[in-house]
Amino acid sequence: MSRLAKNILTNEHIERVVASFLGNWATIFTLHRPPAANGSYEGTDPNFLAETLLFAKTRGYEFISIDELVTRALTGESLQRCISFTLDDGFVDQLDSLVPVLLQFEAKPTLFVITDMVDGVLWPWDNQIAHLCWYANAARYQFEWQGEVVELDLLNSESRKKNRRMLTRMAKGMKRGQIQLLLNQLQSTLQVILPITP
């Protein structure tokens, strides 16, 4: 979460205006991963997360689990100034870096785990794209995709992140079979073989 978002979301005047339109509502933050040690992607910095949790706690926000949120919503209990946190996918670095910070502040995180990924059966396609972009050896590539030339600039970490985002946006509009074809094309073009598991 950016500092600007934190300031907007915790502004009492904005909160009152939003509450008047939405009624009984709570904020749910979906966290993914901490920053990669090798710089291949950005993520939620554990220190910034701690600062944000401390800020919210001192401002009187209550941390509740998703289960508590649903129960309160169904029973009509107030959700004013309630915050829930979820973590998606089930990566080890989430458990090592983010969950301890959330628990330190009694933030009651809910983890949504892709069990096939944990079992080594499935690797999310967006993470496969990130891996391919990060481990490509050359600085520039191009390939044809659906009648158009796609150019990739992988000169440095920033351009690799930018191109990963572009490829991820491209894939989001595809069906699973097309995504697999794109992954195959990227492996061939970038000359990077994907490991079976992350």
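Anything mentioned here points back to the structure above.
Residues numbered from 1 in each chain as written. Predicted model: local features only at pLDDT ≥ 70, side-chain atom pairs only at ≥ 80, totals over all residues. Heavy atoms only, no water.

Topic: the pattern of salt bridges
Definition in use: Here, a salt bridge means any side-chain nitrogen of Lys or Arg that lies within 4 Å of a carboxyl oxygen of Asp or Glu. Numbering of helices and strands starts at the N terminus; helices are DSSP runs of H or I of at least 4 residues and strands are runs of E of at least 2. With a 1.4 Å probe rolled over the protein chains alone, any residue whose accessible area is under 20% of its type maximum counts as buried; one over 50% counts as exposed, and the rest are partly exposed.
Using the criterion set out here, one finds 7 salt bridges in the structure. A salt bridge links lysine 161 to glutamate 42, with the shortest nitrogen-to-oxygen separation between them at 3.9 Å. Placement of the pair is lysine 161 in helix α8 (residues 157-172) and glutamate 42 in the loop between β1 (27-31) and α3 (46-58), with a sequence separation of 119 residues. The residue lysine 108 makes a salt bridge to glutamate 68 at a minimum N-O spacing of 3.3 Å. Linking lysine 108 in the loop between α5 (92-104) and β4 (110-113) with glutamate 68 in helix α4 (residues 66-75), this pair joins segments that are 40 residues apart in sequence. Residue classification places lysine 108 among the partly exposed positions, given a relative accessible area of 37%. A residue is classified by how much of its surface remains accessible, and glutamate 68, at 26% relative accessible area, is partly exposed. Residues joined in a network through salt bridges with shared partners are Glu42, Glu158, Lys161 and Arg165.

Some thoughts on the packing of helix α7 (residues 125-135) against α8
To keep things clear, this is the line we draw: All axes are obtained by fitting lines to C-alpha atoms, using only the stretch in contact for helices, and the reported angles, taken between N-to-C directions, cover 0 to 180 degrees. Throughout, a crossing is termed right-handed when the near helix is turned clockwise from the far one, and left-handed when it is turned anticlockwise from it by less than a right angle. Pairs of residues are marked as contacts when any of their non-hydrogen atoms sit within 4.5 Å. Residues are sorted three ways: Asp, Glu, Lys and Arg are charged, Ala, Val, Leu, Ile, Met, Phe, Trp, Tyr, Cys and Pro are nonpolar, and all the rest, Gly among them, are polar.
It is the contact of α7 with α8, at a shortest axis distance of 9 Å, that shows an interaxial angle of 150°. With respect to the hand of their crossing, α7 and α8 are arranged in right-handed fashion. Residues Trp125, Asp126, Ile129, Ala130, Cys133, Trp134 and Tyr135 of α7 form the contact with α8, whose participating residues are Ser157, Arg160, Asn163, Arg164, Leu167, Thr168, Ala171 and Lys172. Tallied by class, the residues present in the contact of α7 with α8 amount to 8 nonpolar, 3 polar and 4 charged.

As for the environment of methionine 117
Within the secondary structure, methionine 117 sits in helix α6 (residues 115-118). Take methionine 117: its relative accessible area is 6%, and that puts it in the buried class. Taking C-alpha positions, methionine 117 is 7.7 Å from glycine 90, a pair spaced 27 residues apart along the chain.

Overview of α4
To keep things clear, this is the line we draw: When we speak of the arc, we mean the arc of directions from the helix axis to the C-beta atoms.
Of the residues making up α4, those classed as buried are Ile66, Leu69 and Arg72. The buried residues of α4 occupy an angular sector of 125° when projected down its axis, which confines them to one face. What points out from α4, more than 90 degrees from its buried face, is the exposed set Asp67, Leu74 and Thr75. The inward-facing, buried residues of α4 abut β1, β2 (62-63), β3 (82-89) and β4. Of the residues one or two after α4, glycine 76 is the one with positive phi, at around 80°.

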